[in-house]
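Residue-level structure breakdown
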Amino acid sequence: MKYFNTNGICYPEEHYMINIEKRLAEIRELVDQRKYFTINRARQYGKTTTLNLLVQYLSDRYTVFFISFEGMGSAAFGTESAFCHTLCRLLYDTVHYEEVPSLDEPVKRLLSETEENGGIHDIPTLSRFLSCLCQNAARPIVLMIDETDQVSDYKVFLDFLGMLRSQYLKRATRPSFQSVILAGIYDIKNLKQRIQESSSHMLNSPWNIAADFRVNMNFQPEDISQMLGEYAEDKKYPVNIQESAHEIYRYTSGYPYLVSRICKSIDENCVHRSPRECWSKPGISEAVKALLNVTDPLFDDMLKKITDCKELKEILYAILFRGESYPYNPDNFPIQIGVMFGFLTEQDSRVVVSNRIFETRLYNLFLSEDLTDSIIYQSGDREKNQFVRDGTLNMELVLEKFMLHYQDVYGNSTEKFLENNARRMFLLYLKPIINGTGNYYIEAQTRDQTRTIMNP
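Small disclaimer: the values here were computed from a predicted structure and weren't measured. (Residues numbered from 1 in each chain as written. Predicted model: local features only at pLDDT ≥ 70, side-chain atom pairs only at ≥ 80, totals over all residues. Heavy atoms only, no water.)

Turning our attention to unusual backbone geometry. Phi is positive for arginine 34, close to 65°, though the residue is something other than glycine. As for its placement among the helices and strands, arginine 34 is situated in the loop between helix H1 (21-32) and strand S1 (37-40). For serine 253, which is not a glycine, the phi torsion comes out positive at approximately 55°. Residue position: serine 253 is located in the loop between helix H8 (241-252) and helix H9 (256-269). (Helix = DSSP H or I, 4+ residues; strand = E, 2+ residues; numbered from the N terminus.)

Here's what the structure looks like:
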């Protein structure tokens, strides 16, 4: 029986997943055009799954080498010799374990002989070896490298990119790869953010030959519907597929991991309700609430990144609590970082938080910094039992009580303080009231107008 997978590569025969054939066809167009490019997307965005399926999708016309730098350790890339040897060993391993479909014998023999002779230890020799590999192959070779972030701190990686660039520019007269695809979080065109100061002369990445990668890897409502349709048919469940798909998309904006995480939570944990109730707006809301209250590597990474980049943290805070609007500028470093890691996105030429789950998680993070010494929070905590009756929140009473406390505590503050902090204070008051019983979400259009309309 298939299941929703949120750990590692997804396989169509084992996991419920969307049909990515359209995406594969778009990538194939780039390969057919002999483009070199980078698939840089945020964590857990389906990059490795896409590349894994791409191997078979391209294998009717191309010889595809798919290797990964994940888990190799610093010793594998610390020197030019180590890097070249590591790359050759990874190529050899794909042959040894028969991971390359229909690989012809001359290429196998060349890889085996190189490995048996101790590998290659410098970039010029590596360049000649790769050209020889392409020359002896019966079909054009596509090289795909996953987890390039593991090695992009090292100067030797820039030397390697420079070698690929040289081959790309000389491909009319010298055998070279049909296409090179590098996958990771960081945009390799902007490696200056990663290279140490001692390598300042290498700040300009030689990967300026790369084509733009514009394939949309977000899940759309129709993608989610297709996946849920397969699930409902397998389980024989009466799922309202369209409604469930749109509700999941409303929370996630199609972020692949979040979509799968919600589906997995409903499938595995919703045991005290009927399937129809589980796959409904209240059931999906329960799954979102559970996701917001657990430790998760994706959210841990978000915390680390905004802690490391104080400018990004300030932008997120200003968007969420003060309703400030920022123009989308890819040259602005904190905005670039936020987009690269999936926390921010561009919408109508403005920067917005990527999805509702990220927004709520960020609200909770920022509010947690004020909880212990907040008089407003303590007031909400003391009075919380009077606001919820039979699962319904009496918002009118909440507002009435909040205004009394707010006026009492902050009535003498400046107008600017009141404007900048009113939303944060209200959320602090509301948090203990709905904690464990519901979620809140602030509508973006009202937040940007410095007003607050909530969906608790």
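The next point concerns the packing of aromatic side chains. Enumeration according to the criterion identifies 28 aromatic pairs in this entry. Ring centres of phenylalanine 37 and phenylalanine 213 lie 5.7 Å apart, and the angle between their planes is 5°; on these two criteria the pair is classed as stacked. Pair noted here: phenylalanine 37 is in strand S1 and phenylalanine 213 is in the loop between strand S4 (179-184) and helix H7 (221-235), with a separation of 176 residues, a long-range link. Phenylalanine 213 carries the same exposure label as phenylalanine 37, and that label is buried. Between phenylalanine 341 and phenylalanine 343, the ring centres sit 6.2 Å apart and the planes meet at 25°, which makes this aromatic pair stacked. Neither residue differs from the other here; phenylalanine 341 and phenylalanine 343 are each classed as buried. Joined through ring pairs, the aromatic side chains of Tyr45, Tyr186, Tyr255, Phe299, Phe341, Phe343 and Phe358 make up one cluster. The positively charged end of arginine 250 is found above the aromatic ring belonging to tyrosine 251, 5.1 Å away from the centroid. (Phe/Tyr/Trp six-rings, centres within 6.5 Å; stacked < 30°, edge-to-face > 60°. Buried < 20%, exposed > 50% of the residue type's maximum accessible area, 1.4 Å probe, protein only. Lys NZ or Arg CZ within 6 Å of the ring centre and 35° of its normal.)

For the protein, the mean per-residue pLDDT works out to 87, and 90% of the residues sit at or above 70. The low-confidence segment residues 193-203, where pLDDT is below 50, has 19 contacts with residues more than four positions distant or belonging to other chains. (pLDDT = per-residue confidence, 0-100. Contact = heavy atoms within 4.5 Å.)

Bringing the sheet that holds strand S3 (residues 141-146) into the picture now. As summarised here, the arrangement of the four strands in space is S1-S4-S3-S2, forming an open sheet in which the pairing is parallel. The outermost strands of the open sheet, each flanked by one partner alone, are S1 and strand S2 (63-68). Shown here is a sheet whose adjacent strand axes are inclined to one another by a mean of 15°, direction ignored. In this structure, S2 lies alongside S3, joined through six bridges in parallel fashion. Bridge pairing in S3 places threonine 63 opposite isoleucine 141. (Pairing = 2+ DSSP bridges. Axes fitted to C-alpha atoms, helices over the stretch in contact; angles between N-to-C directions.)

The next subject is the packing of helix H4 (residues 105-116) against helix H5 (residues 123-136). Their axes nearest at 8 Å, the elements H4 and H5 cross at an angle of 155°. Considering the angle they form, H4 stands roughly antiparallel to H5. Taken as a pair, H4 and H5 cross one another with a handedness that is right-handed. Contacts between H4 and H5 involve Pro106, Val107, Leu110, Leu111 and Thr114 from the former and Phe129, Cys132, Leu133 and Asn136 from the latter. Looking at the contact of H4 with H5 residue by residue, the class counts come to seven nonpolar, two polar and no charged. (Parallel < 35°, antiparallel > 145°, perpendicular 65-115°, else oblique. Left-handed = near helix turned anticlockwise from the far one by under 90°. Nonpolar A, V, L, I, M, F, W, Y, C, P; charged D, E, K, R; others polar.)

Here, disulfide denotes a covalent bond that connects the sulfur atoms of two cysteines. Inspection of every chain in the model, using the stated rule, returns zero disulfides. Here cysteine 88 stays unpaired: no disulfide links it, and the sulfur of cysteine 84, its closest cysteine neighbor, is 6.8 Å away. For cysteine 88, a relative accessible area of 4% corresponds to the buried category. This cysteine, cysteine 134, is not joined by any disulfide, and cysteine 132 carries the nearest cysteine sulfur, 9.4 Å off. (Disulfide = S-S within 2.5 Å.)

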